Amino acid sequence: MEDFDNIRSFNTFTSQMRKSLYFLFWYSTSCGSLFPRGSEGSSQDRHLSGRSIPDALQQSFIDYYFVWARDCNEHRKSCRTLCRLELFSAKAIEAQSNLRNTKLAHMLDFLNNTQGKVVKIEELIFTTLINTLSNILFSKDFLDLKDDETAHRLKFGLLKILENSVTPNVSDFFPIVGGLDLQGLRKDSLNHLDELSSFSEAIVKERRARITKKVVVADHEKDFLDRLLENNFTPAQINILVLELFIAGTDTMVTTIEWAMAELLKNKEIMRKVQKELTELNHNSIMNSDLSKLTYFNACIKETLRLHPVVPVLIPRRAIEACEVMNYTIPQNAQVWVNVWAICHDPSVWEDPNTFKPERFLGSNIDFTGHDYEFIPFGGGRRMCPGLPSGVKSLQTMLASLIVGYDWSLPNGEDPTKLDMTEKFGVTLQKEKPLELVFRRRE
Ligand code: HEM
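Anyway, here's the lowdown on the structure attached to this text. Counting from 1, residues in each chain are numbered in the order their sequence is written. Residue-level local features of this predicted model are given only where pLDDT is at least 70; pairs of side-chain atoms are given and counted only at 80 or more, and the full residue set underlies all totals for whole chains, interfaces and linings.

Here we take up the overall build of the protein chain. Secondary structure elements follow DSSP: runs of H or I of four or more residues count as helices, runs of E of two or more count as strands, with numbering from the N terminus. Scanning the protein chain for helices and strands turns up 15 helices and ten strands. Atoms considered for the radius of gyration are the C-alpha atoms alone. The globule rule reads 2.2 Å times the number of residues to the power 0.38. Relative to a compact globule of 443 residues, whose C-alpha radius of gyration would be 22 Å, the protein chain shows 22 Å and is just as compact. For the C-alpha atoms alone, the extent of the protein chain along its principal axes is close to 65 × 65 × 45 Å. By residue count, 36% of the 443 residues in the protein chain fall in the buried class. A residue is called partly exposed when the number of other C-beta atoms within 10 Å of its own lies between 12 and 20, exposed at 12 or fewer, and buried at 20 or more, with C-beta atoms placed from the backbone.

Here it is in structure tokens:
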């Protein structure tokens, strides 16, 4: 195996891994065999609906996971039901729209005051998304747009836990030495978790005290934390769920918006068409009702998720029972890694797969809802991303507002056609060089 330091892009990584016997990858659209429709489909999907909890996350609260839950156990079911109802349903998304707009307005105000200065786009979006989520969950801002240091600390902690979970770990290959935590990954994750808990600990304590004192709160004033406490979630269970939601719902979004902006900046003609479509709406701020009408803009979002699928390999699945996929026998407990990146770049499905071409989605019904197996950036089946509806709406409103309101340029007059688009390998497919831009308000 070549030196991993030399692996600069995910493309190189997948070519390397094709040779490896450690992992099972699907390279073709026959990934449909994993989540096929019909009665056979539902049992196949069930067989592959487990996950393996990496040793780095094997803490004493192992039964509290949602994203990493080993199987569809009772706790995961109640997390999923509550999240569906309170966070991801159409009704919940509608109820959150004022809050989302307020947080977006704060971000745009902040940008108005940075006229001419260089802005690291990932930090700005991260802070806005964290505050949106922390208000939905706890009715409180966790970060301040002007305080880079705390934002950096939170982002670093979340990424570190994610990174530890996929770092090759001797304890995963030889569970017998697991207790020794030879690489210190479990200890490190626990330290970060403790630090991240400090953001919510006091609020949870205060809210529990409110319940003990039987303070009455009107139903419409209750937030997600109130619902969790009503459903008897313990502080540790709340901690883990919140951590998982922050991990799943921020880096994915930040990275997708960053890639979309980089592609639009690099492809001037495409940007011009998007700006035309958005300005034809004839209003200054983007309304929810506008979003579905923006055919070309939405094709750009799909094309970003195809060319740069932010979760390049689905969070690994585990066969809860032995089963057969494409004539291969998958033994019980085997890990199944679905290579979304390779599927989305398969030249037998996508013409000119390495080029950003939103036009390919015009007049096409292909969508990312988990039914078109050549395009599954949100996964598929029963472990598919439940954050898709709210996530896509946020992506659309944030990106559209940045396009309508501002002209973007690179610092020091750099040429956008030469923008470095190198991908950095990780759990999420980040841009190796974070995008830095100068924003000027459009009149
Ligand atoms: C661009 C945005 C996003 C992308 C591309 C994305 C992608 C994914 C993918 C690929 C998976 C694994 C699916 C599978 O195994 O089949 C996943 C799982 C998950 N995502 Fe997302 N996600 C996004 C945004 C969000 C948001 C905003 C949230 C919530 C705040 C969220 C919450 C989750 C959760 C809870 C899971 C675990 C589901 C389970 O195991 O049952 N995601 N996501």
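The next point concerns the packing of helix α11 (residues 235–266) against helix α13 (residues 295–307). One can describe the packing of α11 onto α13 by two numbers: an axis separation of 9 Å at closest approach and a directional angle of 110°. What the angle tells us is that α11 and α13 run roughly perpendicular. Where α11 crosses over α13, the handedness of that crossing is right-handed. Residue-level contacts link Thr256, Trp259, Ala260, Glu263 and Leu264 of α11 to Cys300, Ile301, Thr304 and Leu305 of α13. Geometry is summarised by axes, namely lines fitted to C-alpha atoms with helices restricted to the contacting stretch, and by angles between N-to-C directions that run from 0 to 180 degrees. Each angle gets one of four labels, with under 35 degrees taken as roughly parallel, over 145 as roughly antiparallel, 65 to 115 as roughly perpendicular, and the rest as oblique. Crossing handedness follows the turn of the near helix against the far one: under a right angle anticlockwise gives a left-handed crossing, and clockwise gives a right-handed one. The contact criterion used is a C-beta to C-beta distance within 7 Å, with each C-beta placed from the backbone.

The residue Thr397 is located in helix α15 (residues 388–405) in this model. Of the residues examined, Thr397 has 20 C-beta atoms within 10 Å and is grouped as buried. Sequence-wise, Thr397 and Asn288 are 109 residues apart; in three dimensions their C-alpha atoms are separated by 7.7 Å. Those residues in contact with Thr397, other than ones at most four positions away along the chain, are Arg100, Leu104 and Ile286.

This paragraph deals with the sheet that holds strand β2 (residues 118–120). Here we have three strands laid out as an open sheet, ordered β2-β10-β7, and antiparallel in their pairing. Bordering the open sheet on either side are β2 and β7 (406–409), each of which pairs with just one other strand. On average, each strand axis in the sheet is inclined to that of its neighbour by 45°, with strand direction left out of account. Strands are labelled as partners when DSSP assigns at least two bridges between them. Relative to strand β10 (residues 436–441), β7 is paired through four bridges, and the arrangement is antiparallel.

Relative to the assigned elements, Ile240 resides in helix α11. Taking the C-alpha atoms as reference points, Ile240 and Leu193, separated by 47 residues in sequence, lie 8.5 Å from one another. The contact partners of Ile240, leaving out residues within four places of it in the chain, are Phe61, Tyr64 and Tyr65.

Let us look at the environment of Thr369. Within the element layout of this structure, Thr369 appears in the loop between α14 (340–344) and α15. Here the alpha-carbon distance between Thr369 and Gly380, two residues eleven residues apart in the chain, equals 7.6 Å.

In this sheet, β10 lies alongside β2 in antiparallel orientation, the contact comprising three bridges. Its bridge partner lying in β10, Val118 is registered against Val438.

Attention shifts here to the site of the ligand. By nearness alone, 23 residues border the ligand, and Gly249, Gly379, Cys385, Gly387 and Gly391 come closest of all. Broken down by secondary-structure element, the contributors of at least two residues to the shell around the ligand are α11 and α15. The biggest single contributor to the shell around the ligand is α11, with six residues. When residues are grouped by polarity, Ala, Val, Leu, Ile, Met, Phe, Trp, Tyr, Cys and Pro land in nonpolar, Asp, Glu, Lys and Arg in charged, and all others, Gly among them, in polar. Taken together, the residues of the shell around the ligand sort by class into 14 nonpolar, eight polar and one charged. For each residue, a C-beta atom is positioned from the backbone; the residue is called near a molecule or strand if that atom sits within 6 Å of it.

On to the packing of helix α4 (residues 90–112) against α15. As a packed pair, α4 and α15 sit with axes 11 Å apart at the nearest point and diverge in direction by 35°. Of the two possible hands of crossing, α4 and α15 adopt the one that is right-handed. Of α15, the residues touching α4 (which contributes Ile93, Arg100, Leu104 and Leu108) are Pro389, Ser390, Lys393, Ser394, Thr397, Met398, Ser401 and Gly405. Considering only residue class, the contact of α4 with α15 consists of five nonpolar, five polar and two charged.

In this scheme, a helix's expected span is set at 1.5 Å multiplied by one less than its residue total. Taking 1.5 Å per residue, twelve residues should reach 16 Å; helix α9 (residues 201–212) reaches 17 Å between its end C-alpha atoms and fits that length. Just past α9, the residue Lys214 takes up positive phi, approximately 60°.

With that out of the way, let us pick up helix α8 (residues 185–197). In an α-helix, one full turn covers 3.6 residues, which means residues spaced three or four apart are oriented alike. When the terminal C-alpha atoms of α8 are compared, their 18 Å separation across 13 residues agrees well with the 18 Å that a helix rising 1.5 Å per residue should span. Among the residues making up α8, those that are buried are Leu185, Arg186, Ser189 and Leu196. Each buried residue of α8 lies within a common arc of 95° when the element is viewed along its axis, so the set occupies one face. Exposed side chains of α8 directed beyond 90 degrees from the buried face belong to Lys187 and Asp194. Looking at the buried residues of α8, the elements they touch are α6 (148–166) and α11. By definition, the arc is the one covered by directions from the helix axis to the C-beta atoms.

It is worth spelling out the nonpolar core at this point. Note on terminology: a nonpolar core is a set of buried residues of type Ala, Val, Leu, Ile, Met, Phe, Trp, Tyr or Cys, with members joined through C-beta atoms within 7 Å. In terms of nonpolar packing, the biggest core is built from 95 residues, with Ile257 and Val340 touching the most fellow members. Among the elements that take part in this core, α11 stands out by supplying 17 residues, more than any other. Apart from residues no more than four positions distant in its own chain, Ile257 is found in contact with Ile125, Leu395, Met398 and Leu399.

Quick look at unusual backbone geometry now. The phi angle of most residues is negative, glycine excepted, and most peptide bonds adopt the trans form. In the Ramachandran plot, Asn232 falls in the positive-phi region, its phi being about 60° despite a non-glycine side chain. Among the secondary structure elements, Asn232 is positioned in the loop between α10 (224–230) and α11. A positive phi angle, near 75°, is found at Asn333, a position not held by glycine. What makes Asn333 partly exposed here is the crowd of 13 C-beta atoms within 10 Å.

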